[in-house]
Structure formats: structure tokens, C-alpha cells
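# Report on the structure
Below are the chains, spelled out letter by letter.
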Amino acid sequence: MLICKRFQLLVAVILVSAASNAMYAADLKLPVPENWRTEDTTYPPPWARDLPWKGTIQLRFPPGFFKADDDFFWSYPILYQLQGDAIKGVNALNRALSSYDAGLYGGQFEKAKIRLEIMKVKSNVRGYSRQHVTLRGFDPFVTKKPLTTYLDIYRRYDKESDKTVVLILRSPHPIADQDADKNAVRKQFDEFLGVIRK
């Protein structure tokens, strides 16, 4: 009887582990909320070709992204699915974010002026590390002025598939102020976070 229960437990653990690994081996897909714009392309993106990692990038842009007075101004998710153990460590993350933003700015703001504060925090998603980043950069689209955004970043490397998943939830709203019960941006971000929680 005891051997049978142990065997059942072992089978359950193996099945959960296999399902988890299969999920990370499969491509993840960000949902597209109504009226949001999508951009799915190869990584590195066209505006940051100097980055060494290879894979795909998915972006979702809300209707208010280009409206400075909208709650969703500059608030969007970014999903990287990269080959190998990519964007590992603070220096690699700094490089990835700085080059990404400098390319977006199109020469309107020097890369050397971009400032990042990276802080490791406790993750609320199993299997993923988590970092909070304050990025002091620039808005090249609407205000043409310096802009501070806050990035909630989740990263996981899966050895079996040899793939790294990075989900970035970016907004000018400080992460600490994003109360899911009151903040529409946080509520939407929680839906995107569901992609890696499955």
C-alpha cells in the first residue's frame, strides 16, 4: 500500500514537471486586448541590431500609448523568447534595455544619458526571477522630453528547451503605486502576467 502511494506521488511529480517543461518549450503568445496594436518581430528588433541575442519579441500597445494625459501612456508589455541562456545578469540587462531605448529614441537622446536602477525582488511567479527597474530615458514620440518609466521584469531560462523567456511590464506609473484593485494599467498587466503563470 505504501509503495503504491509513493509510486502515485512519483508519477504525479513527473507529470507536473513534464507539463511545466512542455509549457516553456512551447512558444508563448501575449493576448491582444480590444483596440490594442501588436508588433511581433525577430529579436534583436530593427532599432537595436547591435544586441547579440536571437529570438522573437512581442509588443502590445494600448490606444492611449501616444496620449500624454492617458493612464496607458507609455504602458505596455514586451515578451522576449530567446535562444540560449540570454540576458543573464545585471550587465546584460543594462545593455539590453539601454540599446533598446537608444534605438527607439532615434538619435534624439544620447544613449550615455540613459540611467537605470536595477533591483532584484522576490518573484510572485514560480520558476521566474524578478527585477524592478527604474529607467530614466526619453519620450521621442509625444512630449520630446525626458521620461522615467518603471519596468517589472520576469526572466526564466529553461535548460531542456535551451530558451530564455523575459516578460517586461513597462509604465510611467511606479510599480508600488499599481494597486490592481484601483489601477487599470495594473489590471491589464496582470492579464499579460497570466501568460507566464500558466
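The rules behind each value
- Residues numbered from 1 in each chain as written.
- Predicted model: local features only at pLDDT ≥ 70, side-chain atom pairs only at ≥ 80, totals over all residues.
- Heavy atoms only, no water.
- Pairing = 2+ DSSP bridges.
- Helix = DSSP H or I, 4+ residues; strand = E, 2+ residues; numbered from the N terminus.
- Axes fitted to C-alpha atoms, helices over the stretch in contact; angles between N-to-C directions.
- Contact = heavy atoms within 4.5 Å.
- Core = buried A, V, L, I, M, F, W, Y, C linked by side-chain atoms within 4.5 Å.
- Buried < 20%, exposed > 50% of the residue type's maximum accessible area, 1.4 Å probe, protein only.
- Salt bridge = Lys/Arg side-chain N within 4 Å of Asp/Glu carboxyl O.

## A closer look at the sheet that holds strand β2 (residues 55-61)
An order of β1-β2-β3-β7-β6-β5-β4 is seen for the seven strands of this open sheet, with the pairing classed as antiparallel. The open sheet is flanked by β1 (37-43) and β4 (115-121), the only strands paired with a single partner. Going across the sheet, the axis of each strand differs from the next one's by a mean of 15°, ignoring polarity. As judged from the five bridges shared by β2 and strand β3 (residues 76-83), these two strands associate in the antiparallel manner. Pairing of L59 across the sheet is with I78, part of β3. Against the sheet, helix α2 (residues 90-105) engages β1, β2, β3, β4, β5 (129-138), β6 (146-158) and β7 (163-171), with an angle of about 35° to β5. Where helix α3 (residues 184-197) meets the sheet, it contacts β2, β3, β6 and β7, and its direction lies at approximately 175° from that of β7.

## Digging into the nonpolar core
Core analysis: the biggest nonpolar cluster contains 35 residues, and Y43, W53, Y76, Y80, I87 and L97 have the highest contact counts within it. When residues of this core are traced back to their parent elements, those giving at least two are β2, β3, α2, β5, β6 and β7. Look past the residues within four positions of Y43 in its chain and what remains in contact with it is L51, W53, K54, G55, T56, I57, Y80, L82, I87 and A96. Ranked by size, the runner-up nonpolar core spans 17 residues in total, among them L30, Y154, V185 and I196.

## Focus: the environment of P45
With respect to the element layout, P45 can be found in the loop between β1 and β2. Each C-alpha atom of the pair P45 and G55 lies 9.6 Å from the other, and the pair is ten residues apart in sequence.

## Overview of unusual backbone geometry
Most peptide bonds are trans, and most residues other than glycine sit at a negative phi. The linkage connecting Y43 with the following residue, P44, adopts the cis geometry, with an omega of 10°. Looking at the secondary structure, you find P44 in the loop between β1 and β2. Of note, K144 is a non-glycine position whose phi angle comes to about 55°, a positive value. The residue K144 is located in the loop between β5 and β6 in this model. Looking at K144, the relative accessible area reads 45%, which means it is partly exposed.

## Thoughts on the pattern of salt bridges
Side chains carrying opposite charge are able to pair once their charged atoms draw close together. The full count for this structure, using the stated rule, is twelve salt bridges. The salt bridge partner of D101 is R170, with a shortest N-O separation of 2.7 Å. Of this pair, D101 sits in helix α2 while R170 is found in strand β7, placing the two residues 69 residues apart along the sequence. Accessibility expressed as a relative area gives 2% for R170, which makes it buried. One salt bridge connects D190 with R186, and the closest N-O pair in it is separated by 3.4 Å. Taken together, the positions of D190 and R186, both in helix α3 and four residues apart, correspond to about one turn of that helix.

Interpretation note: all reported values are geometric properties and have no functional meaning in isolation.
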